[in-house]
Protein chains: 4
Amino acid sequence: MNELNLEQLKLWRRQFHKMPEIGWSEFVTTATLISTLREMGYQVLSGKKFLKTDNILGRSQKEVDIGLARAASKGITPELMEEMDGLTGCVAVLDTGIAGPTVGMRFDIDCVAVNESQDLSHYPFAQGFSSQNPGYMHACGHDGHMAIGLGVALWIVTHKTALTGRFKLIFQPAEEGVRGAKPIAEGDVLDDIDYFFSAHLGMGCSSGEIMINPLGFLCTTKLDFRFYGAPAHAGINPHGGANALAGACHCVTQLMAIPRHGEGMTRINVGTLLAGEGRNVIPATASLQLEVRGGNQQINSFMTQQALRTGEGIALGFGLRFEHELMGEAVDLYNDEKLINLVTQIAVKEMGLSPQEGLFGGSEDATVLIKRVQEHGGQAIYFVLGSTIKAGHHEACFDFDEISLLYGVKIFTNCIDYLCQEHQ
Amino acid sequence: MNELNLEQLKLWRRQFHKMPEIGWSEFVTTATLISTLREMGYQVLSGKKFLKTDNILGRSQKEVDIGLARAASKGITPELMEEMDGLTGCVAVLDTGIAGPTVGMRFDIDCVAVNESQDLSHYPFAQGFSSQNPGYMHACGHDGHMAIGLGVALWIVTHKTALTGRFKLIFQPAEEGVRGAKPIAEGDVLDDIDYFFSAHLGMGCSSGEIMINPLGFLCTTKLDFRFYGAPAHAGINPHGGANALAGACHCVTQLMAIPRHGEGMTRINVGTLLAGEGRNVIPATASLQLEVRGGNQQINSFMTQQALRTGEGIALGFGLRFEHELMGEAVDLYNDEKLINLVTQIAVKEMGLSPQEGLFGGSEDATVLIKRVQEHGGQAIYFVLGSTIKAGHHEACFDFDEISLLYGVKIFTNCIDYLCQEHQ
Amino acid sequence: MNELNLEQLKLWRRQFHKMPEIGWSEFVTTATLISTLREMGYQVLSGKKFLKTDNILGRSQKEVDIGLARAASKGITPELMEEMDGLTGCVAVLDTGIAGPTVGMRFDIDCVAVNESQDLSHYPFAQGFSSQNPGYMHACGHDGHMAIGLGVALWIVTHKTALTGRFKLIFQPAEEGVRGAKPIAEGDVLDDIDYFFSAHLGMGCSSGEIMINPLGFLCTTKLDFRFYGAPAHAGINPHGGANALAGACHCVTQLMAIPRHGEGMTRINVGTLLAGEGRNVIPATASLQLEVRGGNQQINSFMTQQALRTGEGIALGFGLRFEHELMGEAVDLYNDEKLINLVTQIAVKEMGLSPQEGLFGGSEDATVLIKRVQEHGGQAIYFVLGSTIKAGHHEACFDFDEISLLYGVKIFTNCIDYLCQEHQ
Amino acid sequence: MNELNLEQLKLWRRQFHKMPEIGWSEFVTTATLISTLREMGYQVLSGKKFLKTDNILGRSQKEVDIGLARAASKGITPELMEEMDGLTGCVAVLDTGIAGPTVGMRFDIDCVAVNESQDLSHYPFAQGFSSQNPGYMHACGHDGHMAIGLGVALWIVTHKTALTGRFKLIFQPAEEGVRGAKPIAEGDVLDDIDYFFSAHLGMGCSSGEIMINPLGFLCTTKLDFRFYGAPAHAGINPHGGANALAGACHCVTQLMAIPRHGEGMTRINVGTLLAGEGRNVIPATASLQLEVRGGNQQINSFMTQQALRTGEGIALGFGLRFEHELMGEAVDLYNDEKLINLVTQIAVKEMGLSPQEGLFGGSEDATVLIKRVQEHGGQAIYFVLGSTIKAGHHEACFDFDEISLLYGVKIFTNCIDYLCQEHQ
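Per chain, the residues get numbers from 1 upward, laid out in the order the sequence is written. Both sets of labels track the order of writing: A upward for chains, 1 upward for ligands. Two thresholds apply to this predicted model, a pLDDT of at least 70 for residue-level local features and 80 or more for giving and counting side-chain atom pairs, whereas whole-chain, interface and lining totals are computed over all residues.

## Digging into the interface of chain A and chain C
Here is step 1 of the chain: Each residue is represented by a C-beta atom placed from its backbone, and any two residues with such atoms within 7 Å are regarded as in contact. The interface of chain A with chain C comprises six residues on the first partner and six residues on the second.
Here is step 2 of the chain: Put simply, Ala, Val, Leu, Ile, Met, Phe, Trp, Tyr, Cys and Pro go in the nonpolar bin, Asp, Glu, Lys and Arg in the charged bin, and everything else, Gly too, in the polar bin. Class assignment for the residues of the side of chain A that touches chain C results in two nonpolar, two polar and two charged.

Dropping the structure here:
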């Protein structure tokens, strides 16, 4: 078993960094996590054991197939392949056997579709641990999140006899596009958690800083719209068929004009539109990728309902068939006071990190897990762990300061330590 | 009883010209017609006796009320007022008592909303017979149509003993906006007609010319659309209510883009749009006046169905209530060969008029009457009676050449004469 | 001279309540104010003496003409008519002759287009002081504002010898639609003001309450858009002309979709749209009344620029002529700390009113005056003076609690007293 | 040299059928034509010798590169590759040396992007001559056109001594998408032609029939529109950037609503739209493939101008950069009376083919060549050569009746014969 120190954390981080895998195709990553965690002594749940498959969002079979092929080529054993059963992510569980709180933690594992820089000034490339999966990169820091997760896991098993209660380390797939949290939340793995911790590296905070209670999370719903009409010759039979491209365009003009909301921020974006078959054919198909956001769940729900009603109205007006598919979902964030105070005590007062305030601005599906924990009576927190970065998140030269891995492990484990002692 | 000569026709024409009344408010006009025709010896049907009131189109109660007040002020007797029962137009019937064909004729009686020129170069003004109803004018020649109708009526009673069969002279209200024909057609007054004649003065033909079989009539449907939403304060509650103005505007953008038709001409126009209550209120109401046209009935029906579906889709998408109202209707024209030949024989060969060919371009609801006659086995014709005009139809300086009144009476009566003789 | 007591304040308020006049037509109101203030001993500036006419917004000549006729019929003297010179509002100035601060106050004088309730349960009607100008009503409390203004004016002249500095009481026309402040601000009447006070009755605060620093004012710009095309016959010549209605509708679809702003709230509303001439004519004209709002001036300016660019793009695309007219403007509010503290001291600590916090939500053009004062080095405040109301602002049964008139006068005069003493 | 008989025509047709090449990439086809024609004794012009390259439309460098690679792999000699110079098509010229008319003929050579049927019921597959270029197929009959062209060429050289004047056989690239005619017409190869013949197989006429003067050709212009904006994060910075997708969608809603034309048919189709980069990014790019059509050149020009103005208005309104590219062009057809009579004499009276009348409905860029010939004083004709087909044009099972190849050659050569004799 490895010792918990910065070198070990860097090793893990760089191992994952070399092997970035896009959401729902993290088979090599998951297999690595399962093996490592089992070796430490954890019970590890994978596939349908912790995911409610009915609620899986935004999973592309094409990407899954590529991931499966890659996993096979990388020598993942047939047993692990069978165990994963086409699904990614896992939950490591450890029970101390002593009455105490159940503590959950979330670490996300997927990468983004960015081509990693091959410039010698880019540290991961210069050091030889850059992406070996062209077109994909851990450019958001999830490699670091996993390293911290394994570090916490190692600390727990090492200190097991001094601890109480149970631990659940959730290695979540497909955080990008806010897709992976929902099937976890809809399962039952979260429902007995008393305290839940989650965090993100970087995000505007430098090494030595921490944003304990980030505000301004927008709830969001990611949707695909598809319209199906009928083709016809545009010269001879312009009145024939049903024009899916025209319907989609009118849909966009209406979507972009969904009213503002008096009670808070809203957003709407149709990010892509692909329609039509040929210049002289009445277009029979159109597909849109869109997202709505709202300052709270009620506002986001207003936006979602308006968007769906718009699609239905268009279908009626243009004689089209309308399909929509939920592709991702995140909610807003309400950190619990007790954990805000606990992280403040540990990170600021004990570790000396500099507290920051600010708006998160984007969306995160850890919020979906937090909401579930809170609905079942648990308390939860999401904080931003400062780490000086070399380029913006999702950029080809993104790299973070690895010292923050150690800070991350310390915050998590000190919190665990405190909560176990509190209980005793 | 008056003698039939040009002077008498001019007197009638000028009497009507001074008293223009807009569609469905022609109470003074109708009362004058009823009295004159009864004096000649006709049985005259008015109101519900010839109109199927369920099918009345585009009748504005406000204009009716103004018309009723005007009629009262002009001394129309209470008996006639009661007989008309709020409805306009009439049918004069005369039965010779001798077996023979039933011949029907249509003369339209309404004016347009144009302010008549008060320039001395404008003959009706200079001669003192211009409109005494400001804002309204017989600027389409229907005053002449009525004069011809009365001339034909007088000829028939004068020659009654030499004639056979029955005569029905239909004085149709509300031709403008193609509104008045439908309730006549849906009644039963047309159903025994064997030969039906109708005509229009001017329309691009000069005095001495005739267009016996005008082509290019477009079927048309006139519709009002109304959207009802809910108001809300645009600053405080922009997400509240339901925006009827926005819905109406998107409706227009979709209506104007109803596809072309591969089998013939189409038209769509949203002529007016009125929406909203105030600058800072989410608009709760919107109303549109629109029309579609098509080269034949099937194409016009395609346009109408597309327009209605568009309104329904908008209502669904924007959460509005959608109402539509049929405001007018005309169909395309198919003149019967026998009557084309008959009018050609009389007008061209006997009277020496110069035959013209051409496209009508617009729409006329005599076509609705013609279609009904033909569906019941009768034959029908609509022709253009040349008359040199001083300005375009519907213009403030419109005036036609009164000599054409006499040509008109002759064509109608010579046709009657021929058909009666043919039967004997 | 009247004595300052609640009875006198009620008399003034009810006198104005009977005589509501819409913005820019308040000639009877203005004449009454001028006469009353002159009688008290004030120098009174009217018309171009305090208004920069180039910056007058949203003034309808038709309403002005009606107002002038009403003023003549109510016996306003030709001298006053000439002095007002077609403009409304006035500024009363009084100089104590002793060195001291210049204190400005704003009282708005226009009514809204609401038909006042004639229900006996409506106190102004039951008491016989309801609107004598049908269709118009002081349903926003500006009658009360004027009564407070005259009350303050009376107090000042009564206590003149104990005061220092100068006083400017601004009776502003056309606050509704945020139209009247700009031409005052662009003149020079505000530029020497050291302390500026303004307030509104009601607005969600009950009698006995005060909201000293209302937040959430939205900057706003009110615009009229007009499109001019060319008519054509919709059946015969659909490609002719230029369709202003279609352009306007596409403009609306684009306006409603001006993007959200990442830095704060935005609003857009097209409140009314009027387009077209007749069902079968390609529409040649269209006019829109719209407004944009933004959480700050930069955001509001973004919205305004986007709206104008949209209009220009439509004009280019549809071959139309585009005109826009600025109809109103308000900015956001930044109350000065010193005056917040002063009003808190007087209203809460001395008078015992209950302080409230909250969002204003709407827009107010007192903010335009305040911005000008602050830009010239003065300090300013706008507060909400609690007054229990019987129905919402702008509703037919609106009525406020007249006791608040006295509270209003006391807050204003106590602040004046303090500032004068502070200076001595 | 081959003998001219049906077997030879079939051989040629099947050779081309196996080797379908999409417009502007017909390098193997062109090389085959050049070699065959040179072997017969023709002077053959290729590349810039007959194409005005400034006027080349709709040429995809990607498809050209694929075509070049294919030609190299098929053993086309470097000399021919160099001669073609990246361009396709050729003109075979033969001068009898005897004074006489110059006769031109057009044969188009490109295929369509259709996957040929591999069903045994599909004759070309069963017979082993189906497409060897997957995804592409001669499914419009241009393989037959080339066979006829070579047949005519062979007949001319065989009968050279009995003929007068000059012959130009134009093998036109890229007829699909009406792209290849313009650069030929803009060159000078057509300008001395006295008589010009062109035809299409099938098109609704069966074997044994001929449509000598097809009507209803629509002028058409094919355009690509591209909008360029700027990206921004849709959650954090929705007001940033410039939304090309939204602009493109509004463009479509306006394009589809370009008014009908009173003087004839119009068409508009946006066949494809591709926009945006990712769900949560304000889209920075959008591209549209569209086409307009009109019953005559003036109407088509109206449509084109309206479309371009629409794009410009959108660019202005949305702050985008707008590019458009002409991708194809065809005009309407006016066959010359003399050649109508000549083809009627030969095909109907002498060969016994059954004459048909009808509407072509679509568009053809032979019309562009014909217009050029007529502008320079020549006479021209385009006729439909009946051939029973197994499935519609552009369908995977399309196949025509090869007997029509012989009919085609006979009509062309008999016309030539007649014109030469007429001159002598």
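Next comes the rest of the write-up.
## Re the relation of the copies chain A and chain C
Here is step 1 of the chain: Superposing copies: least-squares fit, C-alpha atoms only, residues required to have pLDDT of at least 70 in both. Superposing chain A onto chain C requires a rotation of 179 degrees together with a translation of 0.0 Å along the rotation axis, leaving an RMSD of 0.2 Å. Classification of the inter-copy transformation places it as that of a two-fold axis. Residue Ala-257 of chain A, judged by its C-alpha, is the member of chain A lying nearest the rotation axis, at 2.1 Å.
Here is step 2 of the chain: A share of 100% of the interface residues of chain A reappears at the interface of chain C, consistent with the copies meeting face to face through the same patch.

## Observations regarding the relation of the copies chain D and chain A
The relation between the two chain copies is a rotation about an axis coupled with a shift along that axis.
Here is step 1 of the chain: Mapping chain D onto chain A calls for a screw motion: a turn of 179 degrees about the axis and a shift of 0.2 Å along it, with 0.2 Å RMSD after fitting.
Here is step 2 of the chain: Interface overlap between copies is the fraction of interface residues in one copy that are interface residues in the other; for chain D against chain A it reaches 100%, indicating a shared surface.

## What about the interface of chain D and chain A?
Here is step 1 of the chain: Between chain D and chain A, the contact holds 35 residues from the first and 36 residues from the second.
Here is step 2 of the chain: Numbering of helices and strands runs from the N terminus, with a helix taken as a DSSP run of H or I at least four residues long and a strand as a DSSP run of E at least two residues long. When contributions to the side of chain D that touches chain A are tallied by element, the ones reaching two or more residues are helix 8 (244-255), strand 8 (266-276) and strand 9 (285-294) of chain D.
Here is step 3 of the chain: Broken down by element, the residue count for the side of chain D that touches chain A peaks at nine residues, all from strand 8 of chain D.
Here is step 4 of the chain: By the bridge criterion, five bridges tie strand 8 (residues 266-276) of chain A to strand 8 of chain D in an arrangement that is antiparallel. Residue Gly-276 of chain A lies in a different strand from strand 8 of chain D, and its bridge partner there is Thr-272 of chain D. Strands are labelled as partners when DSSP assigns at least two bridges between them.

## Things to note about the environment of Gly-23 of chain B
Residues and elements named next belong to chain B.
Here is step 1 of the chain: Relative to the helices and strands, Gly-23 is located in the loop between helix 1 (6-17) and helix 2 (27-40).
Here is step 2 of the chain: Gly-23 gets classed as buried once you count the C-beta atoms within 10 Å, which come to 30.
Here is step 3 of the chain: Residues Gly-23 and Asp-401 lie 378 residues apart in sequence; the distance between their C-alpha atoms is 24 Å. Whether a residue is buried, exposed or partly exposed is read from the other C-beta atoms within 10 Å of its own C-beta, which are placed from the backbone; 20 or more gives buried, 12 or fewer gives exposed, and intermediate counts give partly exposed.

## Remarks on the sheet that holds strand 4 (residues 166-172) of chain B
Residue and element names in this part refer to chain B.
Here is step 1 of the chain: If you walk across this open sheet you meet the eight strands as 1-2-4-3-5-12-6-11, and the pairing is mixed. Looking at strand neighbours, the two that pair on one side only are strand 1 (43-46) and strand 11 (354-355), the edges of this open sheet.
Here is step 2 of the chain: Relative to strand 12 (residues 379-385), strand 5 (residues 195-201) runs parallel, the two sharing seven bridges. Bridge pairing links Phe-196 to Ala-380 in strand 12.

## So, the domain arrangement of chain A
Residue and element names in this part refer to chain A.
Here is step 1 of the chain: According to the domain assignment, chain A consists of domain 1 (6-216 + 331-423) and domain 2 (219-329).
Here is step 2 of the chain: With centres defined by C-alpha atoms, the gap from domain 1 to domain 2 works out at 34 Å.
Here is step 3 of the chain: With 11 residues of domain 1 at the contact, the number on the domain 2 side is 10 residues.
Here is step 4 of the chain: For the side of domain 1 that touches domain 2, the class distribution of residues is four nonpolar, three polar and four charged. Domain ranges listed in this record stem from an automatic or a database domain assignment.

## Points about the pairing of strand 12 (residues 379-385) of chain A
Residue and element names in this part refer to chain A.
Here is step 1 of the chain: Here strand 12 lies mainly inside the structure; seven of its seven residues are buried.
Here is step 2 of the chain: Alternating positions in strand 12 separate into two faces, Gln-379, Ile-381, Phe-383 and Leu-385 on one and Ala-380, Tyr-382 and Val-384 on the other, with burial throughout.
Here is step 3 of the chain: Where strand 6 (residues 209-211) meets strand 12, two bridges bridge the pair, whose relative direction is antiparallel. Among the inter-strand pairings, Ile-210 is bridged to a residue of strand 12, identified as Leu-385.

## Considerations on the packing of helix 2 (residues 27-40) of chain D against helix 3 (residues 61-73) of chain D
All names here are of chain D.
Here is step 1 of the chain: The interhelical angle for the contact between helix 2 and helix 3, taken along N-to-C directions, is 50 degrees, at an axis separation of 8 Å. With respect to helix 3, the axis of helix 2 lies oblique. Taking contact as the criterion, the partners of Phe-27, Val-28 and Ala-31 in helix 2 are, on helix 3, Gly-67, Leu-68, Arg-70 and Ala-71.
Here is step 2 of the chain: Class assignment for the residues of the contact of helix 2 with helix 3 results in five nonpolar, one polar and one charged. Between the N-to-C directions of two axes lies an angle of 0 to 180 degrees, each axis being a line fitted to C-alpha atoms and, for a helix, fitted only over the stretch in contact. Comment on the angle field: the value is read as roughly parallel under 35 degrees, roughly antiparallel over 145, roughly perpendicular from 65 to 115, and oblique elsewhere.

## Considering the environment of Trp-155 of chain D
Residues and elements named next belong to chain D.
Here is step 1 of the chain: Counting through the fold element by element, Trp-155 comes out in helix 6 (residues 142-158).
Here is step 2 of the chain: On the basis of neighbour count, Trp-155 is assigned to the partly exposed category, with 19 C-beta atoms found within 10 Å.
Here is step 3 of the chain: Placed 257 residues apart in sequence, Trp-155 and Phe-412 show a C-alpha to C-alpha distance of 10.0 Å.
Here is step 4 of the chain: Excluding residues within four positions of it along the chain, Trp-155 makes contact with Leu-4, Val-409 and Thr-413.

## Let's talk about the confidence of the model for chain A
Here is step 1 of the chain: This prediction gives chain A a mean pLDDT of 95; 99% of its residues lie at or above 70.
Here is step 2 of the chain: The complex prediction reports pTM at 0.89, with the ipTM value standing at 0.86. A residue's pLDDT is simply how confident the predictor is in it, with values from 0 to 100.

## Observations regarding unusual backbone geometry
Of all residues except glycine, most have a negative phi; of all peptide bonds, most are trans.
Here is step 1 of the chain: At Val-178 of chain A, a position not held by glycine, the phi torsion is positive, near 45 degrees.
Here is step 2 of the chain: Here Met-203 of chain B, not a glycine, exhibits a phi torsion of approximately 55 degrees, which is positive.
Here is step 3 of the chain: Along the polypeptide, Met-203 of chain B turns up in the loop between strand 5 and strand 6 (209-211).

## Quick word on the pairing of strand 4 (residues 166-172) of chain C
One face of the sheet, then the other: side chains in a regular strand alternate in exactly this way.
Residue and element names in this part refer to chain C.
Here is step 1 of the chain: Where burial is concerned, most of strand 4 is hidden: seven out of the seven residues are buried.
Here is step 2 of the chain: Of the two faces of strand 4, the one holding Arg-166, Lys-168, Ile-170 and Gln-172 and the one holding Phe-167, Leu-169 and Phe-171 are both buried throughout.
Here is step 3 of the chain: Sheet analysis places strand 2 (residues 90-95) next to strand 4, joined by six bridges and oriented antiparallel. Bridging across to strand 4, Leu-94 finds its partner in Phe-167.
Here is step 4 of the chain: Note that strand 3 (residues 102-108) and strand 4 share seven bridges and pair parallel. Across the sheet, Val-103 pairs through a bridge with Phe-167, a residue of strand 4.

## Re the sheet that holds strand 10 (residues 321-330) of chain C
Here is step 1 of the chain: Judged by pairing direction, the sheet is antiparallel, and its eight strands sit side by side in the order 10(B)-7(B)-9(B)-8(B)-8(C)-9(C)-7(C)-10(C) without closing on themselves. Looking at which strands have only one partner, the edges of the open sheet turn out to be strand 10 (321-330) of chain B together with strand 10 of chain C. Taken pair by pair, the neighbouring strands of this sheet meet at an average axis angle of 20 degrees, ignoring direction.
Here is step 2 of the chain: Pairing between strand 7 (residues 219-228) of chain C and strand 9 (residues 285-294) of chain C: 10 bridges, direction antiparallel. Looking at strand 9 of chain C, one finds that Asp-224 of chain C is bridged to Gln-289 of chain C.
Here is step 3 of the chain: Contacts from helix 8 (residues 244-255) of chain C reach strand 8 (266-276) of chain B together with strand 7, strand 8 (266-276) and strand 9 of chain C, with the element oriented near 170 degrees to strand 8 of chain C.

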